[in-house]
Structure formats: C-alpha cells, structure tokens
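Structural overview
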Amino acid sequence: MLTKRIIPCLDIKDGRTVKGINFENIRDAGDPVELGALYAQQGADELVFLDITATVEKRKTLSELVNRISHHINIPFTVGGGISSIEDVSMLLQNGADKISVNTAAFKTPKLLTGLAKEFGSQCIVLAIDTKQEEDGEWYVYLNGGRIKTATRCIDWARQAVNAGAGEILLTSMNHDGTKQGFALDITGTLARELPVPVIASGGGGTKQHFADVFKTAGADAALAASIFHFKEIAIPNLKKWLHNNGVEVRI
Amino acid sequence: MKLVIIKYNAGNIQSVLYALERIGMEATVTDDPKTIRSADKVIFPGVGEASTAMNYLKERDLDTLIKELTQPVLGICLGMQLMCDHSEENNTPCLGIFEEKVSRFQSPKSYPESAISSIKVPQVGWNNIYDLQTPLLKEVPENSYCYFVHGYYAAIGEHTIAKTNYVQPYSSALHKNNFYGVQFHPEKSAATGEQILKNFINL
C-alpha cells in the first residue's frame, strides 16, 4: 500500500540550515547535508531543501550544495527557493535533485509551470503555496516568502497550477507555521479532496497526534516539518512507529 | 566490471550515477553503440514521457541496439515501460522485449466522501513489493518499501518478478532472459534500492 510520507524541511541560508518562526527570526540548525543524511538514515521519506539566500552568488552555491546532497542521500529530495526559469531547474536536476519547487515565479508567470512540465515532466514540479486565512474566512495566496498578499484564493490558484502542469502541491499555512498547534486541516483537506495530485501539508506540526490528524482527517499525502525534527522534539523513528500503531500506513 | 548507463533524453541519469557511486561503483554514461555493446552490464534509466523517449531512441538506432544486447540490462521506471510492447502514454509502440502492455492508472471519476481513500495519479511515494523472484531481488525481504513515481503500469504477466498494489496489483519488476526492469527507483529507495543495485551488479 502507498504510504503517507514524512518530510523534514531544511531551510538553507548561505549553505547552513536555518529555521524561522512565522517566516522570521532565523536560528542556525547545522550543516544541511549532514542533517539530511541523518534524517534519511532515520527513515525520512523525502527531504525538502529551501534556499532562502538572496545573493547573486546564490545559483552557483545552490547547485554545488545540491550536488553534495545527491552524493550523500539515498532518498528523493526537492529543492526550492527563488527558482524562476527552465535553466534554473535544468541545472538543479543535472546536479541530482529529484524535484524542484516553485512559488512566486509560477504565480507571476503560470506559463512557467507548463514549460517546466513539458521539459521535465509534472512528476518533478512541486508548486509551493504560502496561504493565510483572513478575517473573511477565505484562504489567500501570499508571495515572496509570505510578505505580499494577493487577492487570489488558495484553491483557485492550486487548481489553475495543477492544470498548468504542477505535479504536487506543498501547502504552507502561515497561520499555523511555527505555532506547533497542529496543521491547517480545513484548507489541506479541501486541496487533498479537490486536486488529482498529492498534497504535502506544512506548518504547525508539533505533536504526533497532529500528524495523525492531517493524514486521517485532512487526507494529506505527506506532512512536512522542520524545527520539531531539527531541535529533536520529535524523533522520526518514534513518530513513524507511533503513526503505524495508530492506523496510519507509513514506511517503517 | 564495465558498467554503462544509456544516455538519452530522459531524466534521473545523474541520480543513478550517484547511487552507483554511493555503493562504490563507477559507471560510464554514453550513447555510443560500441561502448554500450561491450559493457558487462547496462542500465537503461528513465523519467519522462514515452513517445518523446522512443522517438529519441529511434533517431539514434538505440531501439535496435537495446533489443540486441545480450549482457544483463536493467530498465528503471520509464526504461522498464519502454522495454514492454506498447504504452498507452500517447499510444506509443515500444521495444517489445517484455510481452506486456503499459496502461494508465484509472483514478476514480468522482472522489469518495472521505479524501483518505482517493487515488491520485501519478502514484508518488513509498509502496511495498511482494512475491519477489530472481537473483535481482535476492536478500530483499518480502514487502520491502521502494520509491515510485509513475502514472502508467505494466499488468501482471509471465515475466512478473515483483508485485505492488496501487488501484490494483501490477508488475513492479519484470524479467526475461538477460533483461530486467523495475518500475520503482532503486537509486532513491534507501537501503532496499542499494541492495537491488548491488544484486544487479553481481548478476
């Protein structure tokens, strides 16, 4: 049976793993390749590396990092952060990335998704959406790492993006990110139900029960978390064993 | 040991190369017929779309070459599908090594009440392999998990050497004479995948 995936996320800045709370307040959490290899060994199902470096040197350092990762890690990994062209993607895949994630650039130019899907196949195109529930109860798309609000509803953009060629959705709830109060079950559930592609839930995972909830109640295909793994609040083997004992199919 | 990875317009060649490096094997990535013919083992990887890949192979006469190989050949993912008779993906005639047809997973027309049981296409993630046969899968425990990314599948037939369930049971590995194919990605399937790559090298 196809299992639910547990995906540690490593935010990278200038070659180091960092983690912010609510998209701010960056703390150092170690070497990404070492950490990634440790997670792979512990039974992580995939890894996501998001580069938040904003320098002109970024492209070169990122491809070198991806190359190092792919030499050391025997599970699939996704790379994201500032990707905006076929050339960017080509370089990352050539260095061994399995999938890439796009966010702001795809929203601004949805044709990018179509071009990427045609060139590399939908299976390696992950669309990342940062979303926030406003006072009107609707979930809206945010861009530029959560700094810019748009008037587009999350579900509308997700549908359009899948039609354009996105093969998977990485959904981060800004209301929940960093709170450890649980994943956004409603919007995750909506996307998981409405979309024909896998949905990765992100933001808010703080306890084992939160993971069970997002798989069982919201129907997410995968769940992503960062600081609870980096700061050893939950160990991946314990989490997976607990999920298995509580009726969630996981790879153990 | 001369290990060759066939170079063509399909993704994941680097991943396969790095996976071999991790288990201490060097491989040559080439589309040179002479080098491919003289290799001890040949890996035919693949991520992408069937008709584009077949056209590329035909233009370079690699289609004929692959069929004529007599050393152990391992097709991975799309590589395995291209070794079958025909793929439903853009109605593509394939190499015809395995007498199997490749069909698309049929996802339910309407989603059931609960999102949990919905079937997504492509299948993305870790699924188990069972009814394992042949030395390729030696020392791989029944129900081991492997990493899959695919929207099309080969049905179960006389060449099936491993099965997996998604929508229905299907062939997750095939074998005929010197030809082997796996639907999953051994290069991304952690320790299980490494064992399978080692087994292929030791065939």
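Residues numbered from 1 in each chain as written. Chains lettered and ligands numbered in written order. Predicted model: local features only at pLDDT ≥ 70, side-chain atom pairs only at ≥ 80, totals over all residues. Heavy atoms only, no water.

**A short note on the overall build of chain A**
Worth spelling out the cut-off: Each helix is a run of DSSP H or I of at least 4 residues and each strand a run of E of at least 2, with the numbering of both proceeding from the N terminus. Radius of gyration means the value over C-alpha atoms here, while the globule rule gives 2.2 Å times the residue count to the 0.38 power. Throughout, a contact is declared for two residues whenever any of their heavy atoms are within 4.5 Å. Computed with the Shrake-Rupley method and a 1.4 Å probe, the accessible areas treat only the protein chains shown as cover for residues.
Along its length, chain A carries 10 helices and 12 strands. Its C-alpha radius of gyration of 17 Å places chain A within 12% of the 18 Å reference for a compact globule of 252 residues. Contacts in chain A between residues at least 24 apart in sequence constitute 65% of all its contacts with a sequence separation of at least 6. In the structure as shown, chain A presents an accessible area of about 10,100 Å², 49% of it carried by carbon and sulfur atoms.

**Points about the interface of chain A and chain B**
Just so we agree on the cut-off: Buried area: the sum, over both parts, of the accessible surface (1.4 Å probe) that disappears when the two are put together. Just to be clear on terms, a salt bridge is a Lys or Arg side-chain nitrogen sitting within 4 Å of an Asp or Glu carboxyl oxygen. Identification of polar contacts relies on pairs of N or O atoms within 3.5 Å, with a donor-acceptor requirement for protein atoms, meaning one able to donate a hydrogen and the other able to accept it, and with residues adjacent in sequence counted only if both atoms are side-chain atoms.
The interface is formed by 39 residues belonging to chain A together with 29 residues belonging to chain B. A combined buried area of about 2,700 Å² lies between chain A and chain B, and 54% of that area is made up of carbon and sulfur atoms. Across the contact surface, chain A and chain B share 2 salt bridges. Note that Lys188 of chain B is salt-bridged to Asp98 of chain A, the shortest N-O span being 2.9 Å. Inspection of the region where chain A meets chain B yields 16 residue pairs in polar contact (both at pLDDT 80 or more). Elements with a minimum of two residues in the side of chain A that touches chain B: α2 (58–72), α3 (86–94), α7 (185–194) and α8 (208–216) of chain A.

**Quick word on the environment of Thr70 of chain B**
Residues and elements named next belong to chain B. Definition in use: When accessible area is computed with a 1.4 Å probe and restricted to protein chains, residues below 20% of their type maximum are described as buried, those above 50% as exposed, and intermediate ones as partly exposed.
Its location among the elements puts Thr70 in the loop between α4 (62–68) and β4 (73–76). The exposure class of Thr70 is exposed, given its relative accessible area of 69%. Through-space distance from the C-alpha of Thr70 to that of Lys41 is 9.4 Å; in sequence the pair is 29 residues apart.

**Let's talk about the packing of α2 of chain A against α3 of chain A**
Residue and element names in this part refer to chain A. Note the cut-off: In this analysis, axes come from line fits to C-alpha atoms, helices being fitted only over the stretch in contact, and the angle between any two N-to-C directions falls in the range 0 to 180 degrees. An angle below 35 degrees is read as roughly parallel, one above 145 as roughly antiparallel, one from 65 to 115 as roughly perpendicular, and any other as oblique.
The contact between α2 and α3 brings their axes to 8 Å, and the two run at 30 degrees. As the angle between them shows, α2 and α3 are arranged roughly parallel. Along its contact with α2, which presents Arg59, Leu62, Ser63 and Val66, the element α3 presents Asp88, Met91 and Leu92.

**Examining the packing of helix α1 (residues 32–42) of chain A against α2 of chain A**
All names here are of chain A. The following threshold applies: In a left-handed crossing the near helix is turned counterclockwise from the far helix by less than a right angle, and in a right-handed crossing that turn is clockwise. Following the grouping adopted for this structure description, the nonpolar residues are Ala, Val, Leu, Ile, Met, Phe, Trp, Tyr, Cys and Pro, the charged ones are Asp, Glu, Lys and Arg, and the polar ones are all others, Gly among them.
Interhelical geometry of α1 versus α2 gives an angle of 30 degrees and a closest axis separation of 10 Å. Taken as axis vectors, α1 and α2 run roughly parallel relative to one another. Where α1 crosses over α2, the handedness of that crossing is right-handed. Along its contact with α1, which presents Pro32, Val33 and Ala37, the element α2 presents Leu65, Arg68, Ile69 and His72. Of the residues in the contact of α1 with α2, the class split is 5 nonpolar, 1 polar and 1 charged.

**Side note on the packing of aromatic side chains**
Residues and elements named next belong to chain B. Heads up, the condition is: Any two rings among Phe, Tyr and Trp, with Trp reduced to its six-membered ring, count as a pair given centres within 6.5 Å; such a pair is stacked if its planes are under 30 degrees apart, edge-to-face if over 60, and tilted if neither.
Tallied over the full model, the rule gives 13 aromatic pairs over all chains. Look at Tyr8 and Phe44: their rings are 5.2 Å apart centre to centre, the planes differ by 35 degrees, and that puts the pair in the tilted class. Of this pair, Tyr8 sits in the loop between β1 (3–6) and α1 (13–22) while Phe44 sits in strand β3 (residues 41–44), and the two are 36 residues apart along the sequence. For Tyr8, a relative accessible area of 5% translates into the label buried.

**Overview of the pattern of salt bridges**
All names here are of chain A. As enumerated under the stated definition, the model contains 19 salt bridges over all chains in all. Arg5 is the partner of Glu168 in a salt bridge, and the nearest nitrogen-oxygen pair spans 2.8 Å. Placement of Glu168 in strand β10 (residues 168–173) and of Arg5 in strand β1 (residues 5–13) is noted, with a sequence separation of 163 residues between them. Here the two residues Glu168 and Arg5 agree in accessibility, since each one is buried. Where Lys240 meets Asp45, a salt bridge forms, and the shortest distance between an N and an O atom there is 2.8 Å. On the criterion of sequence distance, the pair formed by Lys240 in helix α10 (residues 236–245) and Asp45 in the loop between α1 and β4 (47–51) is long-range, its members being 195 residues apart. When sorted by exposure, Lys240 lands in the same class as Asp45, which is buried. Here the salt bridges share partners, and the residues they tie into one network are Glu138, Arg153, Asp156, Arg159 and Glu194.

**Examining the confidence of the model for chain B**
Residue and element names in this part refer to chain B. Inclusion rule: The predictor rates its confidence in each residue with pLDDT, a number between 0 and 100.
Here chain B averages 92 in pLDDT, and 94% of its residues register 70 or above. The low-confidence segment residues 111–117, where pLDDT is below 50, has 12 contacts with residues more than four positions distant or belonging to other chains. At the level of chain-chain contacts, confidence expressed as ipTM amounts to 0.90, with global pTM at 0.92.

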